Amino acid sequence: MLEAGLCRYVLISYGHNELSSDSLFTMLTEFSGDDVVFGHFGATGGYALAARRAMHEYRTGPQTWKHIAVGQRAWANLNPRAVMHGRPMSFDDYLSSQYVVEPLRLPDNCLVNDGGRAVVVTTLERARDLRHPPAVILGLGQHNPSAQAAQSGALAGSTGAKKAGEQALSMAGVTRDDIDACQIYDCFTYTVEVTLQDYGFFGPGEGEDWFSGGTIGPGGRMPVNTSGGQLSEAYYMGLTPLSEAAMQIMGRCGERQLGPATKTKEPNIILVSDNGGILQAHSCCILGRI
Amino acid sequence: MNREKTCAIVGVGYTPQGKVPGRTSLSFHLEACTNAVADAGLSKDDIDGLICYRHFPAASNENDLTPHLVAQHLGIEPNYLSQDAN
Amino acid sequence: MAYEKPLPRINGDNRQFWEGCKNHELKFQKCASCGHVRFPPSLVCPRCLCTDIEWVVSAGAGKVYTYAVYHTAYHDGFREEVPYVVAVVELREGPRLLTNIVGCAPGEVYCEMPVTVVWEDITPDITLPKFAPSG
C-alpha cells in the first residue's frame, strides 16, 4: 500500500485485556473447535503436541528449552517495562516448575497480560524527515502451512519458517551470517527452537548445544528476544518482537541496548519472526539500519 | 532494490502492561496508537492506513473489536484498513 | 448425571462421521478419483479437489503420532480427569484423529505406540472414538 502510494503512514495495532477480562476462556474454546470434545483447549495443548513429536524425532526437550526461558528472563531483568522484571529465573527454577500441558511447563508459556502495542510504518523517503532513525524493512517472507495440529505431518518442522526465512533473506540480499540479533515470536519456548532451526541456525537435535553457554542472553553471540519477549516481557502477538527490533535498531533500549552496553554485536540487521495458530502461519521480516 | 521505495518503522507506542484492571481491549488499542503516532512525531490526520492484529472474541461486557471501531475512536478515515490473521 | 463436557457440533460436513460413531463405526471419506482417505470430512479432496467420494469403515487400528498430558483443566467438565492424555492417532488407513488415549497411565503413552479404537457412549446420540493400547 505504501509502495503503491495508496497510503502514506500506516498504523499497526494490538490491544487486549487478556488478563483482567473474561475473554480468555472464550478464546481458548473458539481456538480449538471440536477438539474441545476431547479436552483439547487453546495453544498450550497444540504446541505440547508439536513439542512432544519433536522430542520423538530428535534430541530436544526441557534441557534445551530451559536455555530459552532463562536467557529471555535475563533480558527481561534489564527491561523495567517487562512484566517479569525483578523476577530472575535459574535452570533449577525452570526445571522445578509445574507442567501446564506436558511436556510444557509454566515458564515455557508466553505471558497472559493486559496492554497494547502499536507501530507506525511509512516509506523510507518520508522516514528521513522524522525524529527517530528509521528501522528499515529490508526483506519480508511469508508461508502458511495452514493445517491444524492434528492434520499436520510436520509438527517437528520444517514449519513455515523455512520458506518465509529464505524469502526474507533473499529479498534483503543478506545471509544468516549477517544477522546480529533475532526477535522471535515466542508463544512457547519450543517455538523459538523450531523457528531458529528452520531458519538454519542449527540442525534438528543441535539446539541444546547451540543454546547452551548463554548464546541468546545478554553478552551472548546471538541475542534473542531482548525485551524478554512474550515469555517474560509481554504478549502482543507479532508486535512484541517487531516493536523490540525497531527500538533496538533505533538505539532506544537503554540498559538492554544491543552493542557495547550489553557486550553484544551492534544491531545493524535484526531478524524478526511472527507465527500464527499451531505453527500454521509464519512471517519473517529483516530490519536494518539505514 | 529502490531503497527510497523501501518502508521503515518510525514510531512505537507502548501502554501500561501486566495486570491493568478496569480497561477495555479497545482502550489499549487507542492508547498504543496514540502513543505510536506521537512517538513518530506525526499527527493523527497523517494516518491513512490501519492494520489491527488478530480479532479475538470480545469480553462479555465489551463490543466486538473491529478496525472500524478503532478508526472511529481515533477519528480517522483510512484508505486502507484490515485485520491480520496471524 | 448429566454429561458436563462439550459436545461435538454436528453439521452438514461431519454428520455422517458422527452417525458412524454412534454405530461404533469409524467412517472416513475416500476420494473416488485418487483414493485418498481423508479427515475431517469435507466437500473436496485436498489432494485432487474431486468431489466424488465413498465412505469406508476403518479397522480402528493405528499408532500414536504425538500426545500431550493435560495437568490443567481448562473446563470444569475435565476437572476430575487431570492428568489426561490428548493424542493425535494415525489410523492404518491414513487419516489422523485428535482423540484421547485411555486404558493406561499417562506415563505409559509414547509416540508410535500401537492403539485400537474404543467407544465411549456419552449421550443417547453421541459416541466418542477414543483409543487404548492394542492387545
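As a reminder, the structure under discussion sits directly above these lines.
Bear in mind that the values here come from a model prediction, so they are computed numbers and not experimental data.

### Examining the overall build of chain C
Reasoning step 1: Across its full length, chain C holds one helix and eight strands.
Reasoning step 2: The order of helices and strands in chain C, counted from the N terminus, is α-β-β-β-β-β-β-β-β.
Reasoning step 3: The C-alpha radius of gyration of chain C comes to 16 Å, within 12% of the 14 Å expected for a compact globule of 135 residues.
Reasoning step 4: Here the C-alpha coordinates of chain C stretch approximately 45 × 35 × 25 Å along the principal axes.
Reasoning step 5: A burial count over chain C gives 30% of its 135 residues as buried.

### A few points about the packing of helix 1 (residues 25-40) of chain B against helix 2 (residues 67-74) of chain B
All names here are of chain B.
Reasoning step 1: Taken N-terminus to C-terminus, the directions of helix 1 and helix 2 make an angle of 55 degrees; their axes are 10 Å apart at the nearest point. Considering their axes alone, helix 1 and helix 2 lie oblique with respect to each other. Along this stretch, helix 1 crosses helix 2, giving a crossing that reads as right-handed. Here Leu 26, His 29, Leu 30 and Cys 33 of helix 1 lie close against helix 2, whose contacting residues are Leu 69, Val 70, His 73 and Leu 74.
Reasoning step 2: By residue class, the composition of the contact of helix 1 with helix 2 is six nonpolar, two polar and no charged.

### Focus: helix 1 of chain B
Reasoning step 1: The end-to-end C-alpha distance of helix 1 of chain B, which contains 16 residues, comes to 23 Å, matching closely the 22 Å that a straight helix rising 1.5 Å per residue would cover.
Reasoning step 2: Burial within helix 1 of chain B is extensive, with 12 of its 16 residues counted as buried.
Reasoning step 3: Residues of helix 1 of chain B that are buried in the fold lie against strand 1 (9-17) and strand 4 (114-123) of chain A together with strand 1 (7-13), strand 2 (49-52) and helix 2 of chain B.
Reasoning step 4: The first or second residue beyond helix 1 of chain B is Gly 41 of chain B, which carries a positive phi of 80 degrees.

### Describing the nonpolar core
Reasoning step 1: Formed by 134 residues in total, the largest nonpolar core has its most connected members in Tyr 47, Ala 50, Val 119, Val 120, Ala 246 and Leu 287 of chain A together with Ala 36 of chain B.
Reasoning step 2: The leading source of residues in this core is helix 1 of chain B, at eight residues.

### Considering the pairing of strand 2 (residues 99-102) of chain A
Walk down a regular strand and you will see the side chains alternate between the two sheet faces.
Residues and elements named next belong to chain A.
Reasoning step 1: The pairing of strand 2 with strand 3 (residues 104-105) spans two bridges and is antiparallel. Each residue of the ladder has a partner; that of Tyr 99, found in strand 3, is Arg 105.
Reasoning step 2: Turn length for the strand 2-strand 3 hairpin, with the two strands adjacent in sequence and antiparallel, is one residue.

### What to know about the sheet that holds strand 8 (residues 281-288) of chain A
Reasoning step 1: Ordered by their spatial adjacency, nine strands build an open sheet running 6(A)-7(A)-8(A)-5(A)-1(B)-4(A)-1(A)-2(B)-3(B), and the pairing between neighbours is mixed. In this open sheet, the two strands that pair with only one neighbour each are strand 6 (181-183) of chain A together with strand 3 (80-83) of chain B. The mean angle between the axes of side-by-side strands here comes to 25 degrees, regardless of whether they run parallel or antiparallel.
Reasoning step 2: As paired elements, strand 5 (residues 135-143) of chain A and strand 1 of chain B share two bridges and run antiparallel to each other. Its bridge partner being in strand 1 of chain B, Ala 135 of chain A is matched across the sheet by Ile 9 of chain B.
Reasoning step 3: Of the strands in this sheet, strand 1, strand 4, strand 5, strand 6, strand 7 (269-276) and strand 8 of chain A together with strand 1 of chain B are in contact with helix 10 (residues 239-250) of chain A, which crosses strand 7 of chain A at around 170 degrees.

### Details of the packing of helix 3 (residues 62-76) of chain A against helix 7 (residues 189-198) of chain A
All names here are of chain A.
Reasoning step 1: Relative orientation of the contacting elements helix 3 and helix 7 amounts to 100 degrees, with a least axis distance of 9 Å. Classified by the angle their axes make, helix 3 and helix 7 are roughly perpendicular. For the pair helix 3 and helix 7, the contacting residues are Thr 64, Trp 65, Ile 68 and Ala 69 in the first and Thr 189, Tyr 190, Val 192 and Glu 193 in the second.
Reasoning step 2: Residues of the contact of helix 3 with helix 7, tallied by class, amount to five nonpolar, two polar and one charged.

### Details of the environment of Val 120 of chain A
Reasoning step 1: Inspection of the secondary structure assignment puts Val 120 of chain A in strand 4.
Reasoning step 2: Considered as a pair, Val 120 of chain A and Arg 256 of chain A are 136 residues apart in the sequence and their alpha carbons are 22 Å apart.
Reasoning step 3: If sequence neighbours within four positions are ignored, Val 120 of chain A has contacts with Tyr 9 and Leu 11 of chain A together with Val 10, Gly 11, Ala 36, Val 37, Ala 40 and Leu 42 of chain B.

### A closer look at the interface of chain C and chain A
Reasoning step 1: Counting residues at the interface gives 26 residues for chain C, matched by 24 residues for chain A.
Reasoning step 2: With six residues, strand 4 (residues 61-70) of chain C is the single largest residue contributor to the side of chain C that touches chain A.
Reasoning step 3: Classifying every residue of the side of chain C that touches chain A by side-chain character gives 17 nonpolar, six polar and three charged.
Reasoning step 4: Here two bridges tie strand 2 of chain A to strand 4 of chain C, and the two strands are oriented antiparallel to one another. Each bridged residue has a counterpart across the sheet, and for Val 101 of chain A the counterpart in strand 4 of chain C is Tyr 70 of chain C.

Conventions we followed
Residues numbered from 1 in each chain as written. Chains lettered and ligands numbered in written order. Predicted model: local features only at pLDDT ≥ 70, side-chain atom pairs only at ≥ 80, totals over all residues. Helix = DSSP H or I, 4+ residues; strand = E, 2+ residues; numbered from the N terminus. Rg over C-alpha atoms; globule rule 2.2 N^0.38 Å. Buried ≥ 20, exposed ≤ 12 C-beta atoms within 10 Å, placed from the backbone. Axes fitted to C-alpha atoms, helices over the stretch in contact; angles between N-to-C directions. Parallel < 35°, antiparallel > 145°, perpendicular 65-115°, else oblique. Left-handed = near helix turned anticlockwise from the far one by under 90°. Contact = placed C-beta atoms within 7 Å. Nonpolar A, V, L, I, M, F, W, Y, C, P; charged D, E, K, R; others polar. Expected span 1.5 Å × (residues − 1). Core = buried A, V, L, I, M, F, W, Y, C linked by C-beta atoms within 7 Å. Pairing = 2+ DSSP bridges.

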